Amino acid sequence: MQHTLKTYIPEQAIPKIIALLDHDNLTVKVKSERKTKHGDYQRLPNGKHQISVNSNLNCYRFLITLIHEIAHFEAYKTYGKSIKPHGIEWKRTFQHLMLPFLNPEVFPLDLLPLLANHFKNPKASSDTDVKMALALKQFDEPNDKTYIFEVPFGSTFKLYNGRVFKMGHKRVKRFESVELNTGRTYLFNPNAEVELLKEVNE
């Protein structure tokens, strides 16, 4: 476990993570990219517990995701199975577990204020915190994807699943787009990554 995690998380975080994972009934698996989630936590039928995290995440997002899932395990141990998955018990546990990692030995200085603000009230998905998600993405491997907020009005773009949309207007926080196949309108967070298909017609 220790050798595997060295590949995925900041070096200074390793001792603390190893201590958090020191439990006979908890295993961690690193999985191929899943488009709909960064990681998950499962209570297995045999009474054991399993965490999985996507292998394609940069080291800072991997660490946050790993601790997010460990918090599910710790909240279950402390409060039992009747709690809400991302309720107050999980939030408090996540905050408590994350606090020792929020320092410049683990995270870059420019990320720390955003992380501190996020963990005042952590959400079910860190992607809903647009400022933090965009800041974390600067550490991703370069790719040919475009953020929704960069797509010009009227342009078409494609999602990972092949669905094609036409860019519409920005609402308060999210961007309105129409799926070409169905004519249905959808709202996207600004940090959603898409493939730009063509520029606005002149």
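In the block above lies the structure referred to throughout.
My aim in this report is to walk through the structure given alongside it, one point at a time. (Residues numbered from 1 in each chain as written. Predicted model: local features only at pLDDT ≥ 70, side-chain atom pairs only at ≥ 80, totals over all residues. Heavy atoms only, no water.)

Those residues of helix H4 (residues 88-98) that sit buried are Trp90, Lys91, Thr93, Phe94, Leu97 and Met98. All buried residues of H4 lie within an arc of 165° about the axis, which places them on one face of the element. For H4, the exposed residues lying more than 90 degrees away from the buried face are Arg92 and His96. On its buried side, H4 packs onto helix H2 (14-20) and helix H3 (59-79). (Buried < 20%, exposed > 50% of the residue type's maximum accessible area, 1.4 Å probe, protein only. Helix = DSSP H or I, 4+ residues; strand = E, 2+ residues; numbered from the N terminus. Arc of directions from axis to C-beta. Contact = heavy atoms within 4.5 Å.)

What follows concerns the pairing of strand E2 (residues 39-43). Pairing between E2 and strand E3 (residues 49-54): five bridges, direction antiparallel. Bridge pairing in E3 places glutamine 42 opposite glutamine 50. Adjacent in sequence and paired antiparallel, E2 and E3 are bridged by five residues, among which glycine 47 carries a positive phi angle near 90°. (Pairing = 2+ DSSP bridges.)

Turning next to the sheet that holds strand E1 (residues 26-31). Ordered in space as E1-E3-E2, the three strands form an open sheet in which the pairing is mixed. The open sheet has two free edges, formed respectively by E1 and E2, since each of these has just one partner strand. Strand-to-strand twist of the sheet, defined as the mean angle between neighbouring strand axes without regard to direction, takes the value 15°. Contacting E1, E2 and E3, H3 runs over the sheet at an angle of about 165° to E3. (Axes fitted to C-alpha atoms, helices over the stretch in contact; angles between N-to-C directions.)

Tracing the sequence through the fold places lysine 137 in helix H6 (residues 130-137). Using a relative accessible area of 14% as the deciding quantity, one classes lysine 137 as buried. Spatially, the C-alpha atoms of lysine 137 and isoleucine 17 are 22 Å apart, while their sequence positions differ by 120 residues. In contact with lysine 137, other than residues within four places in its own chain, are Tyr147, Asn191 and Glu193. At 2.5 Å, the side chain of lysine 137 and the backbone oxygen of asparagine 191 are in polar contact. (Polar contact = N/O pair within 3.5 Å; in protein donor to acceptor, adjacent residues only side chain to side chain.)

Don't take any of this as a statement about function, it's just geometry.
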